[in-house]
Every structure is written in C-alpha cells, then in structure tokens.
Amino acid sequence: MSTSPNRNPALGLHRITPAKHYSRSIIFIDEIARQEPHETSTSVDIFSHDGIRWYCQVRCGEKKTQPMGPFTKRQAERVQEARRTRIAQKGTAWLVFERTGEVW
C-alpha cells in the first residue's frame, strides 16, 4: 500500500481548514452615527469553513450575532450588503448580540 500525498489514509475524516472571512465595515448616516457608540467598530462578515457553505454575521466590538446561513457565496454577499445598508440606516439597536471574547 503506497501513501501518496494526495491520498487521505483516514477515510471519513475531514481536514480542518481555517475559515475564510470577508468583512465590510459600516458607514453610518449622520443621524445614526450620533446615536451609535463612537469607540465601537461595526462590520458585517461573511465566512466559510469549507468554501461551499457561507454564513453572514454582524460584529460590533466584542459582540457578534448568531451566524445566518448557510448560503452560497453570492447569496451571503447579498445578505451582507442588505445588512450593511439596514445598519447604516437604522443603527444596531434592532440586532441581538451575543457577548463573547473568542477570536475567530
């Protein structure tokens, strides 16, 4: 039995690869910007662990929402843009955040 580098000797196990992340920062309209905390940056991230299933999540400082998905990458980008637009217009008060200190 040969062990070539392309062959996985442990069938049924999956390689763990780091998630791919794409973030877009929020630029608030002036009215909302006055209501949002100035020290906290807000972004809408899309990420995937396998390159097939993509998720969308809002981060505000150390807080983040539950991931939405799975989506295709194109669908996740559309959700990302829609959430960015709504946050820019309405702020983050309507979002439900989970407080976490974990790093992706």
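Residues numbered from 1 in each chain as written. Predicted model: local features only at pLDDT ≥ 70, side-chain atom pairs only at ≥ 80, totals over all residues. Heavy atoms only, no water.

(A) Quick peek at unusual backbone geometry. In this chain, Gly 69 is followed by Pro 70 through a cis amide linkage whose omega measures 15°. Inspection of the secondary structure puts Pro 70 in strand 5 (residues 68-71). (Helix = DSSP H or I, 4+ residues; strand = E, 2+ residues; numbered from the N terminus.)

(B) Structural context of the side chain of Asp 45. Tracing the chain through its elements places Asp 45 in strand 2 (residues 42-48). In this structure Asp 45 comes out as buried when scored by relative accessible area, which is 2%. A polar contact is formed between the side chain of Asp 45 and the side chain of Ser 43, at a distance of 3.2 Å. (Buried < 20%, exposed > 50% of the residue type's maximum accessible area, 1.4 Å probe, protein only. Polar contact = N/O pair within 3.5 Å; in protein donor to acceptor, adjacent residues only side chain to side chain.)

(C) Structural context of the pattern of salt bridges. Under the counting rule described, the total for this entry stands at three salt bridges. Among the salt bridges present, the one from Arg 59 reaches Asp 45, with a minimum N-O distance of 4.0 Å. With Arg 59 in strand 3 (residues 54-60) and Asp 45 in strand 2, this pair connects stretches of sequence that are 14 residues apart. A salt bridge links Glu 81 to Arg 84, with the shortest nitrogen-to-oxygen separation between them at 3.0 Å. Here the residue Glu 81 and the residue Arg 84 both occupy positions in helix 2 (residues 73-90), the gap between them amounting to three residues, near one helical turn. Taking the relative accessible area as the measure of exposure, Glu 81 reaches 30% and is therefore partly exposed. (Salt bridge = Lys/Arg side-chain N within 4 Å of Asp/Glu carboxyl O.)

(D) Broad picture of the confidence of the model for the protein chain. Considering every residue of the protein chain, the mean pLDDT works out to 77; 63% of them sit at 70 or more. Across the protein chain, element-level confidence peaks in strand 5 with a mean pLDDT of 96 and bottoms out in helix 1 (residues 30-35) with 67. Low confidence marks residues 1-9, where pLDDT is under 50. Its contacts with residues over four positions away, or in another chain, come to three contacts. (pLDDT = per-residue confidence, 0-100. Contact = heavy atoms within 4.5 Å.)

(E) Focus on helix 2. Taking 1.5 Å of rise per residue, 18 residues should cover 26 Å, and helix 2 covers 25 Å from first to last C-alpha, within 8% of that figure. Burial in helix 2 covers these residues: Ala 76, Val 79, Gln 80, Arg 83, Arg 84, Ile 87 and Ala 88. Seen end-on, helix 2 carries its buried residues on one side only, within an arc spanning 165°. Turned more than 90 degrees away from the buried face of helix 2 sit Arg 74, Arg 78 and Lys 90, all of them exposed. Where helix 2 ends, the next residue or the one after it, Gly 91, has phi of about 85°, a positive value. (Expected span 1.5 Å × (residues − 1). Arc of directions from axis to C-beta.)

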